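# A closer look at the structure
Given next are the chains, with one letter for each unit.
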Amino acid sequence: MMATNCENASSSMPGPTADPQLNQSTALESRSVSNGKAIVVGIYGIPGCGKTFLMNQLKQELGQVPFKFYEGSEMIANLVPGGLDIFQKLDEQEKVHWRQLAIDTIGKECADNGRVAVVAGHFMFWPEEEEAGQPVYTQNDLDIFTHILYLDVPAELVAQRLLDDTERSRPSPPIDHLRKWQHAEQTQLRRLCRHHGILFSLVFSYPTLLNKVSTLLLDFQHHTEEYNLSCAESRMNEVLVTSQGQLETVLVMDADRTLAAKDSGALFWKMVSTSWQSRDEECRLKTLFSSPLGYSYTAFRQAALLYEEAADDQEFNAYCEDVASAVTMYPEFVSLLQLVAEQEHVGAVVITCGLRCVWDKVLEREGLSKKVKVIGGGRIADGFVVTAAVKAAIVARLRDIHHMYVLAFGDSVLDLPMLSKADQAIVVVGEEQTRSKTMDAALLNAIDNDGLQARQALLPSNASPRLDTTKLPLIQLTDPRFIDSIIRRRSRQPLQVLHATDRNAAKLLMTPMRDATVAGPVLREAHRRVGWYLATEFLAEMIGVEECPIPHVQGHQISGYRLCHEKTTSIVALMRGGEAMAFGVNEAFPCAMFVHAKRPEDIEPSHLLQQRTIVLVDSVVNSGKTVVNFVQHIRSLHATIRIVVVAGVVQAQSVSEGSPTQALARHANFSLVALRLSDNKFTGRGTTDTGNRLFNTTHLP
C-alpha cells in the first residue's frame, strides 16, 4: 500500500481485480490496538481524490503532537539512496523491499513515540490501457496498518481535478475507468481488511470530509477493547444513578430476537439496500461476521463503521425510525416490563449488540423508555460497541459490585457468557426457521461442561423447544411464580466477596500453598505472589485506580496508574500468617502504609488517621472470628473507613448467610477478597498450621 505517486504499472495482474494476498490462507486472530503496537491509519483513494490536500488540512486541524503524518512517496524517497529516480529503476522484488522498510519504519517510529501515524499512499495503479490494476501493497502493510480510510470521491470530480491540476503532469483517464478503478480498490481493500483485522471505512466528500476524518482519527487514537468496556460500564453506572440506590433486582435483556421476533440490523440493511437499489448492502453484516473476525470487538467496531458509511446522522435516524416501526415486541415482554416499571426496587436494561437508536424508539413507542434503558451502539458517536464480553461484564458488575439479583434473557451464542453470570438465566426460543442455528450445540456445551443452569421461554408459545425440557426446563413469562421471583423484595446481601476459586490462575497459585513438601522461604514466596495477584486482579477492580504522572524513558511525562487513594490506604498484616501475603499486596500498592498486628489492639488511631481504606491480610479465614474482632476494633476507632479483608483461603461457611461476618457487613463498609473459598472446615495445628509451615516452626509444641 506504500507506493510513490509516479510509480509505473507496466506489469498487469490476471483478472480485473486480481489480489494475490487473498489466495493465501490467512489465520487471523482478532486484534485490537494495545500498548506496544502503533496505531497506523492509511488514507487511500485513486489519484486526484484529494489525499494530499486532506493531509495538509489534518495537520492544521489536529496538530502533530498526538499524530504524525506521512506521505508514502516522501517516505520511500528518504529511505532509498538516490531517491525516487533510483527507486523507479529497481525490479519489482527490490521495490517490495523498500515499501516494506517504509511501513516498518513508520510503525516503529510511532510505537516508540506513542503517536498515531496517518499515512497517505496508493493501493494499486491502473493505466487505462491495461486490463487489470496492479496492487502495490505488501504483507508488512497488512501486519502494521490498524485502520484504513478510503476517500470515495465521485469519479466526475476526480476527473475534473486531474484536468485542472497545473502543478503535476498526470494522466486523465475516462470517468468510467476511474469508477472501475475505485470499485476494484474498495472491493479488494474490504476483503483484505476483514481477513487481517484492519478497520476499514469509506469516507465521502460531503458534507465535510475534514470533520468526518478528524472525528474518526480522534476515535481511533484512544479506542481499545479496554476503553470500550469502561465506556459501557460508565453507561451502566449512569442508568443506575437514576434508580437512586433503590434497586434490588435487575432484568438484563438482549434485544433482537429476544424481545421481538425480528432482527433490527437485518431490517436496517434491507432498507438501505432498497434505498440504494443494491442487494450488496443487504448482506453486509452477514459477510462481516462470517469472516475471520467472527463476533470479536474488532468485528463490532467494523460494523459501526459500516453504519457510518450507510448514512449521515439525519439519514441514520430516519432509517432507525422506519426499522423501529417494523419491530413488534412480544406481548409477554411488554406486560412483564410494564409490571417492572411499577416497582421501585426492580429495574430493567436492554443491552444490545445491535442498534441502540432503534430500541430507544421501540421502547418509547411502548411507553417504557423512562424505566427501561438501552445500552448499545451503532455509531461512532455512541462511544462503544457491545460484544459478548461486554454483556457478561455488565451482568457480573451488577451482581458482584452493586450486589443486585440479576435475571438475564438472551437467544443466541453471544448471550451465553451473560447468561452464565446471572442469578437466573432465561433462553428465549423463537420459531425454528428464524432462530440461531448454532445455539443448540453451544448451549448444550455450556450446560454440560460449563455449569450453566438455565430455563427456556418459548415465544411464540407454539415454538418447538431447544434441546430437551429436562436439560432446559420450560418457563412461562406470565407464570405468577416467575413474576413473583422478580418483584418480591430481597434482603440485602451487602457483603462483597470476590474470589478466584474456579480460575486457572488460582489453581496454579494455590498448588505450592497446599503442597505439604513446601515450607519456609519457598512457601512465603508463594504467599507473596498470591497477595500481589489478589491486589492487582481484585482490589484494583473493587477500589478503582487513578492516574498519576510518571517519567517516560524518553524524558517526558506520561500518565501511569495506581490504586485510588493509595497513599491513604493502610495494609495490615495479621501476624504471623498474613505477613508474606501482605508483602505481595504492598508490592502492588507501594505507596500504602504497612502495619503489623497480632492483636486488634495493635492497630492504633494513628494508623487510621486521614486514611480512607484499611486492608486486613491473613493467610486463612476459618470461622471468621478473628476478622470480626479486628473489624469491631477498627470501627471503634473509625466508624466509616472502608475495610477489605484479603486472604488466601476462606471457609465458605464463615461468609455464608447468618454468619457473624455477614451480620457485621450489613452495618459496615466491609468486603472480602480471597484466592479460594473452601468447604473444608479443617483447622491446621502443629505441622499443618500455615504459620508454622511459613516459618519452619512445625517442630515446636
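Above: the structure in question.
Quick look at the structure, then. Owing to the predicted nature of the structure, the values given are computational and were not obtained by experimental measurement. (Residues numbered from 1 in each chain as written. Predicted model: local features only at pLDDT ≥ 70, side-chain atom pairs only at ≥ 80, totals over all residues. Heavy atoms only, no water.)

For the rest of this paragraph, the subject is the pattern of salt bridges. Tallied over the full model, the rule gives 31 salt bridges. Between R179 and E156 there is a salt bridge; the shortest N-O distance is 2.3 Å. A residue pair is termed long-range when its members are at least 10 positions apart, and R179 in helix 7 (residues 175-196) and E156 in helix 6 (residues 155-164) qualify at 23 residues. Assessed through its relative accessible area of 39%, E156 is described here as partly exposed. Taking the shortest distance from any N to any O, the salt bridge between D448 and K471 comes out at 2.8 Å. Of this pair, D448 sits in helix 18 (residues 439-449) while K471 sits in the loop between strand 13 (455-458) and helix 19 (480-487), and the two are 23 residues apart along the sequence. A relative accessible area of 42% places D448 in the partly exposed class. Given a relative accessible area of 34%, K471 falls into the partly exposed group. If you follow the salt bridges from partner to partner, you end up with K212, E308, D313 and R379 in one network. (Salt bridge = Lys/Arg side-chain N within 4 Å of Asp/Glu carboxyl O. Helix = DSSP H or I, 4+ residues; strand = E, 2+ residues; numbered from the N terminus. Buried < 20%, exposed > 50% of the residue type's maximum accessible area, 1.4 Å probe, protein only.)

Moving on: the sheet that holds strand 11 (residues 405-410). The strands that make up a sheet pair up through hydrogen bonds in the backbone, lying either parallel or antiparallel. Ordered in space as 10-9-8-11-12-13, the six strands form an open sheet in which the pairing is parallel. In the strand order of this sheet, the two ends are held by strand 10 (372-377) and strand 13, each with one partner. Within this sheet the neighbouring strands show an average axis-to-axis angle of 20°, counted without direction. Strands in contact with helix 16 (residues 388-400) are strand 8 (249-253), strand 9 (346-355) and strand 11; relative to strand 9, the strand with the most contacts, it is inclined by about 165°. (Pairing = 2+ DSSP bridges. Axes fitted to C-alpha atoms, helices over the stretch in contact; angles between N-to-C directions. Contact = heavy atoms within 4.5 Å.)

What follows covers the sheet that holds strand 6 (residues 147-152). Read from one edge to the other, the open sheet built from five strands follows the order 2-3-1-6-7, with strand pairing classed as parallel. Lying at the two open borders of the sheet, with one neighbouring strand each, are strand 2 (67-71) and strand 7 (199-204). When strand polarity is set aside, the average angle formed by the axes of neighbouring strands in this sheet is 20°. Two strands pair when backbone bridges link them, and strand 2 and strand 3 (residues 116-120) are joined in this way by five bridges, in the parallel orientation.

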